[in-house]
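This is what each chain is made of:
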Amino acid sequence: METKETSSWQDDTALERFKLISPLLDESLDEAKLIALRKEISSQNEISVRSLRRYESYYRESGFSGLRPKNRAQRRSQKLPDNFDELVAEAIQLKREVPERSVSQIIYILELEGRVEPGRLKRSTMQRHLYKAGFGERQMQMYKDARKSSSKRFCKPNRMMLVQADIKYGPKLPIGKKGAMVQTYLSSVMDDHSRYILQAQFYDNQEETIVEDTFRKAILKHGKFDSGYCDHGSQYISKQLKLSLSKLGVNVKYAPVRNGAAKGKIEKYHQIVDGFTAEAKAHKIRTLEELNRYWEIYLEEYYHNKPHDGIREYYESTGNPVPEKGISPQQEWNRDTRPLTFLDASVVAEAFLHHEQRLVDKGACISFKGKKYETKPSLIGCKVEISYDPASPETITVSYAGMEPFTAEPVKIGSYCSRKPAIPASMQETEVESSRFLTALEKKHEKSREHYANAISFGAYRKDGDGHV
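Being a predicted model, the structure only gives us computed values, none of them experimental.

K.L.:
Just to check I follow, could you spell out the nonpolar core for this structure?
P.N.:
What tends to happen in soluble globular proteins is that the nonpolar side chains get buried as a cluster. Counting 26 residues, the largest nonpolar core has Leu198, Phe215, Tyr236, Leu245 and Phe352 as its most contacted members. At the level of elements, strand 1 (162-173), strand 2 (182-191), strand 3 (197-203), helix 9 (208-222), helix 10 (239-247) and helix 15 (345-351) are the ones that each hand at least two residues to this core. Ranked by the residues each element gives to this core, the list is headed by helix 9, at five residues. Listed in part, the 18 residues of the second largest apolar core include Leu186, Ile197, Ala200 and Ala280.

What follows is the structure in structure tokens.
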């Protein structure tokens with residue numbers, strides 16, 4: 001059975017591979033641009049063009065799962081040298097001296113200096129350890145990337161090519177214990193081109209799960225988008241979110257650190273949210289349900305139908321005329337001819353499921369979030385995988401090798417409960433006519449007696465002095 005540790009590193013590797021090839025999945029690129037882009041990605045990440053092509057092929061054939069490596073044991077073909085830590089330290093020093101040095105050049109220098117035998121160090125191994133230490137090719141070029149980043153405005157030419165996401169503080173509501181005031185948070189996803197809000201909802205917390213819920217609802221309502229754009233908040237850099245979106249073929253990009261201008265569109269939208277918050281306070285809204293109901297009305301009747309200055313500016317910058325009344329996010333969303341790509345609800349639900357492992361106890365139960373759930377007696381002592389939707393964690397699916405997944409039920413305590421769990425059919429005693437063990441012993445005993453009798457009979461014969469009986 002695949003363990004959690006195995007699955008984790010395989011998903012991590014698949015995620016890294018998806019980040020590499022995601023720009024190459026743009027269907028609008030012609031062959032010439034694809035070739036040039038592959039060479040650029042190959043040079044920046046020290047990976048061969050052939051490997052990139054192979055990853056593309058795997059993804060197009062099997063989706064995200066096709067990028068998962070097959071066997072961890074195949075990743076290391078030789079034992080590392082005993083002084084490997086010292087070699088990594090020397091490699092870091094060589095990189096500091098001349099940042100432009102490639103990994104191959106660093107290994108060659110170490111070989112020339114006699115620190116390691118020629119051919120003993122692999123480029124991929126040293127590259128991985130340099131990256132973990134913060135001295136990878138991409139990391140050493142961060143200052144160049146920062147200089148290339150621009151504060152100029154950008155806008156995708158069509159809807160669902162890029163979405164922006166962010167969290168904003170909402171009003172405090174008396175929804176805590178004994179009416180205590182609780183801070184609310186608005187999680188939003190906006191289409192970059194039209195400024196149309198794909199999904200926005202107030203929550204009573206700012207955990208990672210609210211962002212996952214927002215993206216999941218946006219995809220179910222409006223279909224799949226190409227890329228997501230957000231800041232470096234813990235909710236957006238979580239492995240679970242990146243893994244879920246990658247399984248659906250969505251890449252995640254991040255705004256430069258401490259650069260508010262890079263998120264100008266959604267920051268402008270947050271000014272609209274401030275206006276609603278003031279109205280909500282004046283309306284004396286007291287419940288989260290009521291807050292979200294009025295927010296939906298505010299979006300549909302005001303924000304989506306109000307002419308947007310950013311849309312006007314975009315078309316004027318491209319030399320296209322704009323109606324005198326302007327263009328609203330709703331109008332721009334509807335007039336876009338790019339087709340929407342809807343996904344099956346079950347596929348989206350599966351992508352956003354959380355997975356954990358649990359040990360089945362002597363009572364055939366597992367523990368989850370402080371509660372006990374019943375599994376099957378045949379799983380006693382086994383480690384099983386559970387999957388659940390964080391929006392409704394009370395429904396848990398249990399999976400184990402060689403067994404159909406099933407839903408675990410919460411333990412119900414009745415007026416009487418046997419302390420002994422039911423014994424699986426495979427372990428129960430069966431009614432038999434005789435003991436096979438005793439029957440086999442009886443047969444062996446009869447043969448032993450027969451052999452002993454023959455030995456006595458043969459010993460009764462005696463020979464005379466001439467050798468005759």
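K.L.:
How should I be thinking about the sheet that holds strand 4 (residues 227-230) in this particular structure?
P.N.:
In a beta sheet, neighbouring strands pair by backbone hydrogen bonds and run either parallel or antiparallel. Sheet architecture is open: five strands sit in the order 3-2-1-4-5, paired in mixed fashion. Strands at the two margins of the open sheet, each flanked by one partner only, are strand 3 and strand 5 (251-254). Along the sheet, successive strands turn relative to each other by an average axial angle of 25 degrees, direction set aside. Against the sheet, helix 12 (residues 288-303) engages strand 1, strand 2 and strand 3, with an angle of about 155 degrees to strand 3.

K.L.:
Honestly, the side chain of threonine 184 in this entry has me stumped. Any pointers?
P.N.:
By the element assignment, threonine 184 lies in strand 2. At 2.5 Å, the side chain of threonine 184 and the backbone oxygen of proline 171 are in polar contact.

K.L.:
Would you mind showing me how to read the packing of aromatic side chains here?
P.N.:
What describes a pair of aromatic rings is the distance from one ring centre to the other and the angle between the planes of the rings. With the rule as written, the count across this model stands at 15 aromatic pairs. Considering the side-chain rings of tyrosine 196 and tryptophan 333, the 5.0 Å spacing of their centres and the 20 degrees angle between planes classify their relative orientation as stacked. Of this pair, tyrosine 196 sits in the loop between strand 2 and strand 3 while tryptophan 333 sits in helix 14 (residues 329-335), and the two are 137 residues apart along the sequence. One exposure class covers both tyrosine 196 and tryptophan 333, and it is buried. When the ring centre of tyrosine 294 is taken as reference, the NZ or CZ atom of arginine 293 above it lies at 4.7 Å.

K.L.:
Mind showing me how you'd approach the sheet that holds strand 11 (residues 403-410) here?
P.N.:
Taken in spatial order, the six strands make up an open sheet running 6-9-10-11-8-7, and their pairing is antiparallel. Single-partner strands in this sheet number two, and they are strand 6 (354-359) and strand 7 (365-368). Averaged over all adjacent pairs, the angle separating strand axes in this sheet is 35 degrees, with direction ignored. Pairing geometry for strand 10 (residues 392-400) and strand 11, over four bridges, is antiparallel. Bridging from a neighbouring strand, tyrosine 400 pairs with methionine 403 of strand 11.

K.L.:
Explain the confidence of the model for the protein to me, please; I cannot follow it from the model alone.
P.N.:
In low-pLDDT regions, the fine details of the predicted coordinates are not to be read closely. When pLDDT is averaged along the protein, the result is 84, and 83% of the positions lie at 70 or above. The element-level mean pLDDT for the protein is lowest in helix 8 (residues 142-148), coming to 46, with strand 3 highest at 98. Scored below 50 in pLDDT, residues 72-77 makes five contacts in the model with residues more than four places away or belonging to other chains. Taken as a whole, residues 146-152 scores under 50 in pLDDT and shows one contact with residues more than four places along the chain or in a different chain.

K.L.:
Mind showing me how you'd approach unusual backbone geometry here?
P.N.:
Among all residues save glycine, negative phi is the norm, and among peptide bonds the norm is trans. Of note, lysine 284 is a non-glycine position whose phi angle comes to about 55 degrees, a positive value. Inspection of the secondary structure puts lysine 284 in the loop between helix 11 (264-282) and helix 12. Even without a glycine there, the phi angle at lysine 369 is positive, about 50 degrees.

K.L.:
Help me understand the pairing of strand 9 (residues 383-389), please; the structure alone is not making it clear to me.
P.N.:
The pairing of strand 6 with strand 9 spans six bridges and is classified as antiparallel. Each residue of the ladder has a partner; that of histidine 355, found in strand 9, is serine 387. As paired elements, strand 9 and strand 10 share five bridges and run antiparallel to each other. Counted as the bridge partner of glutamate 385 is serine 399 from strand 10. Counting the residues in the hairpin turn of strand 9 and strand 10 gives two residues.

K.L.:
Can you help me understand the packing of helix 11 against helix 12 in this one?
P.N.:
Any two packed helices are characterised by the angle at which their axes cross and by the distance between the axes. In contact at an axis separation of 11 Å, helix 11 and helix 12 are set at 130 degrees when each is read in the N-to-C sense. As summarised for this structure, helix 11 and helix 12 are arranged oblique, according to the angle between their axes. Remark: the crossing between helix 11 and helix 12 carries right-handed chirality. Packed against helix 11, whose contacting residues are Tyr269, Ile272, Val273, Gly275, Phe276 and Ala280, the element helix 12 presents Leu291, Tyr294, Trp295, Tyr298, Leu299, Tyr302 and Tyr303 at the interface. Along the lines of polarity and charge, the residues of the contact of helix 11 with helix 12 split into twelve nonpolar, one polar and no charged.

Quick notes on the rules
Residues numbered from 1 in each chain as written. Predicted model: local features only at pLDDT ≥ 70, side-chain atom pairs only at ≥ 80, totals over all residues. Heavy atoms only, no water. Core = buried A, V, L, I, M, F, W, Y, C linked by side-chain atoms within 4.5 Å. Buried < 20%, exposed > 50% of the residue type's maximum accessible area, 1.4 Å probe, protein only. Helix = DSSP H or I, 4+ residues; strand = E, 2+ residues; numbered from the N terminus. Pairing = 2+ DSSP bridges. Axes fitted to C-alpha atoms, helices over the stretch in contact; angles between N-to-C directions. Contact = heavy atoms within 4.5 Å. Polar contact = N/O pair within 3.5 Å; in protein donor to acceptor, adjacent residues only side chain to side chain. Phe/Tyr/Trp six-rings, centres within 6.5 Å; stacked < 30°, edge-to-face > 60°. Lys NZ or Arg CZ within 6 Å of the ring centre and 35° of its normal. pLDDT = per-residue confidence, 0-100. Parallel < 35°, antiparallel > 145°, perpendicular 65-115°, else oblique. Left-handed = near helix turned anticlockwise from the far one by under 90°. Nonpolar A, V, L, I, M, F, W, Y, C, P; charged D, E, K, R; others polar.

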